[in-house]
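Structure assessment
Okay, here's what each chain looks like letter by letter:
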Amino acid sequence: MIRIGLSKLATTSLVFLTCSLWVSAQESTAEFDPPRTEWGDPDFRGHYLPGQYRPLEIAADENWQPSTEGSGGNNAAFSRFFEPDPDAPPRPARLTAPMIVDPPDGKIPFQPWAAEQRNEIMVRQDELEHLDPRVKCLPSALPRAHLPVGYNTYQILQLPGYIVMLYEWNHLYRYIPLDGSPHVSPDIRLGMGDSRGRWEGNTLVIDVTNFTENTWPVGHGAPPEGAPGGALTTGHGVFHSGDLHVIERFTFVDANTISYRATIEDPNVFTEPWTIEFDALRRAPDGHMLFEYACHEGNGRGISLMTGTDLETIRLGER
Amino acid sequence: MVPRLFFLVLVGLLAVVGTTEAQEHPGLESYRQVCQLCHGERGRGDIAPVLVPLGFDAEYVLAVVREGYGQMPPISQRELSDDNVRQVVAYLESLSSSASGSAQTEYDGPRTPEGQPDLNGIWQVLNSAAWDIRAHNAQDGVPAGLGVIEDNVIPYQAWASAQQQENYANRFTADPVRQCFLPGVPRITYMPFPFRIFQTADHVVMTYEFAHTVRIIYTDGSAHPLPNDFWMGDSRGHWDGDTLVVDTTHFNGETWFDAAGNFHSNELHVVERYTPTSSYHIDYEVTIEDPEVFTRPWTMRMPLYRRIDEALQLLDYDCVDFILESANRSDGGVQ
């Protein structure tokens, strides 16, 4: 009871001071003690917006050329076609540190053949088979579903024993049991993987396996405006095998910001596990709601223009 | 017995101090503080009798409250003023009237902390409505069914009846679900796939195995947003006694009710009533209104069954992938 009382007090002060302390709160090393649910777990419930666009990787031999101007946060490519997305991830005004924190060189530790395969995938984006799976409206997989992209916001629900994460983009969802149950049979494959969660202090740790092989584990929106094209990548074309294993860690750094750390293992593709970390979730303003993002339903013409394949003539079988 | 009841009433008083329920009936607070411990939540009865529907007027109730009755102790003005009593009576009467129109059940399954039936879990229909909501004989790959429509009549306008017959003739190519488009409401409910309900104090979220469809149903008293159109519509819910009532509008008019060409326009208005009759069964009633297509509102009804398979979880039916695989094959396979 005392702990709950203190948490509430801490939340109130933090909300009050959020604006003035924004920068220092992010740099603070003291662990934030989040509010608790009625049943005593850290309370992750709420609506969230995506975190800031950042480069995934650094190409170590490139010069860093900071941009002199930032944008207001709207994804320029999308806004040509749609109303500006008010919830779009903000773009930094200058180049920031990459998401990859391990290995220290900030590069994806591809096996040599896999690095070539990735290049091949990227030069063949006009073929349906190699096209970005998210452009084809396949599930985002992980950790890609938590990387910044336009038209994706989040809602987290919590009940005793499990957590549910809803993703606005392509109406994806994850059910995350916290009961210590084992992963589903390895014969079962799931676009968003099979999630099993647990608490480590105030951190939600999720172990994810059983992925399909037709998704990309990373690949997010545009790099900062003005960034030299060769200086960084956004993780497109990175692929994985059915042995992909992702370990995610969600930690509140203040009342309105959740840090996200994901370790990606796939011994068939990478030489070692690698880890990304950044503030992936920002609490949304009051009244935020997730709208329907019907992805595949309007995708036929786009796919046809990109690949020459007419999906609209294809029908599913009897059932 | 009387002292024990007094003690219970006092414990009840202490237990509810500090709880707040915004926008509740003005009589609810008094009911909770003084009456609920013995008469149960929402007057459903517990160690003291059921109070809904309330068969007494306020003056009679006032007399019983002041003088006691049977095992019920007298309650003083200090604990419950005359006005409080009248508010409690109004509260119980409001429950009586809202319960009268709905399917009356004696639900005795688990409840949420808010007192609603706890629908959390995995559910599924056991019927063939996904193929045809009307009575129909079997076809290749289609099980026969008695239909789920009241009176087995869909009251189409004349032009719409002709349109439905055309849809039926072209169903293998014209059915939007065969293109893996979102199935709409209520079709998603009776697709032959399980779905999971998450129920919190202000949301009921339904996640479906078919095409990872999601319905976020707000039960926080909020209204439909500005008109827009969605494949799955915009859903707002509220609890009517033990019934979850979901009002859905803002459809795009592109979906069908089944694989047999039964259809609607973007004027569709769906009211679903989820009434649990036990821990394992929900009476699912759907009223369809669409003045563009039908001559009157009409109703479907079917049971939903709780799936109790051990370690059951929703899996994937990502039909986009099947469409893509088919496209790759028809392209002659690009590598």
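Residues numbered from 1 in each chain as written. Chains lettered and ligands numbered in written order. Predicted model: local features only at pLDDT ≥ 70, side-chain atom pairs only at ≥ 80, totals over all residues. Heavy atoms only, no water.

1. Regarding a nonpolar patch on the surface
- On the surface, B:F56, B:Y60 and B:Y69 cluster together to form a nonpolar patch covering roughly 350 Å² of accessible area.
- Relative to the elements of secondary structure, B:Y69 occurs in the loop between helix 3 (58–67) and helix 4 (82–100). (Patch = residues over 30% accessible without salt bridge, like charges linked within 9 Å, V, L, I, M, F, W, Y side chains within 5 Å. Areas by Shrake-Rupley, 256 points an atom, 1.4 Å probe, with all protein chains shown as cover. Salt bridge = Lys/Arg side-chain N within 4 Å of Asp/Glu carboxyl O. Helix = DSSP H or I, 4+ residues; strand = E, 2+ residues; numbered from the N terminus.)

2. Considering the state of the cysteines
- Under the counting rule described, the total for this entry stands at two disulfides over all chains.
- Two residues share a disulfide in this structure: A:C137 and A:C295, whose sulfurs sit 2.0 Å from each other. Judged by the torsion about the S-S bond (-80 degrees), the A:C137/A:C295 disulfide is left-handed. Linking A:C137 in the loop between helix 3 (112–123) and strand 4 (154–159) with A:C295 in the loop between strand 12 (274–283) and helix 4 (300–307), this pair joins segments that are 158 residues apart in sequence. The pair formed by A:C137 and A:C295 is uniform in burial state, with each residue classed as buried.
- Each disulfide pairs two cysteine sulfurs, and for B:C180 the partner residue is B:C319, the sulfurs being separated by 2.1 Å. What sets the handedness of the B:C180 and B:C319 disulfide is the S-S torsion sign, and at about 75 degrees it is right-handed. (Disulfide = S-S within 2.5 Å. Buried < 20%, exposed > 50% of the residue type's maximum accessible area, 1.4 Å probe, protein only.)

3. Examining the pairing of strand 4 (residues 214–218) of chain B
Residues and elements named next belong to chain B.
- Taking burial as the measure, the five residues of strand 4 include five buried ones, the bulk of the element.
- Neither face of strand 4 is left uncovered, since the one carrying V214, I216 and Y218 and the one carrying R215 and I217 both have all their residues buried.
- One ladder, built from five bridges, connects strand 3 (residues 203–208) with strand 4; its direction is antiparallel. Across the sheet, the residue bridging to M206 is R215, located in strand 4.
- From the end of strand 3 to the start of strand 4, which pair antiparallel, there are five residues, and A211 there has a positive phi angle of about 55 degrees. (Pairing = 2+ DSSP bridges.)

4. Thoughts on the environment of A:E297
- Topologically, A:E297 is positioned in the loop between strand 12 and helix 4.
- With 89 residues separating them in the primary sequence, A:E297 and A:V208 have C-alpha atoms 28 Å apart.
- Those residues in contact with A:E297 that sit more than four places away from it in its chain are B:C180, B:F181, B:L182 and B:W231.
- Within polar-contact distance, the side chain of A:E297 engages the backbone nitrogen of B:L182 at 2.8 Å. (Contact = heavy atoms within 4.5 Å. Polar contact = N/O pair within 3.5 Å; in protein donor to acceptor, adjacent residues only side chain to side chain.)

5. Looking at the nonpolar core
- Membership of the largest hydrophobic core comes to 64 residues, with the highest contact counts inside it found for B:I133, B:M206, B:F257, B:I288, B:W298 and B:M300.
- Breaking this core down by element, the ones donating at least two residues are strand 2 (195–199), strand 3, strand 6 (243–249), strand 7 (269–278), strand 8 (281–289), strand 9 (298–306) and helix 7 (319–330) of chain B.
- Looking at this core element by element, the count peaks at five residues for helix 7 of chain B.
- B:I133 has contacts with B:G147, B:V148, B:I149, B:I154, B:Y190, B:F257, B:D258, B:N262, B:W298 and B:M300, leaving out every residue within four places of it along the chain.
- Grouped together as the second largest cluster of nonpolar side chains are 50 residues, A:I100, A:A145, A:L172 and A:I264 included. (Core = buried A, V, L, I, M, F, W, Y, C linked by side-chain atoms within 4.5 Å.)

6. Points about the interface of chain A and chain B
- The interface is formed by 44 residues belonging to chain A together with 52 residues belonging to chain B.
- Summed over both sides, the interface between chain A and chain B buries roughly 4,300 Å², with carbon and sulfur atoms accounting for 61% of that surface.
- Summed over the shared surface of chain A and chain B, the number is zero salt bridges.
- Scanning the region where chain A abuts chain B turns up 18 residue pairs in polar contact (both at pLDDT 80 or more).
- If you list the elements that add at least two residues to the side of chain A that touches chain B, you get strand 4, strand 5 (162–167), strand 6 (172–177) and strand 7 (194–200) of chain A.
- Residues that form the side of chain A that touches chain B fall into these classes: 22 nonpolar, nine polar and 13 charged. (Buried area = accessible area lost by both parts, 1.4 Å probe. Nonpolar A, V, L, I, M, F, W, Y, C, P; charged D, E, K, R; others polar.)

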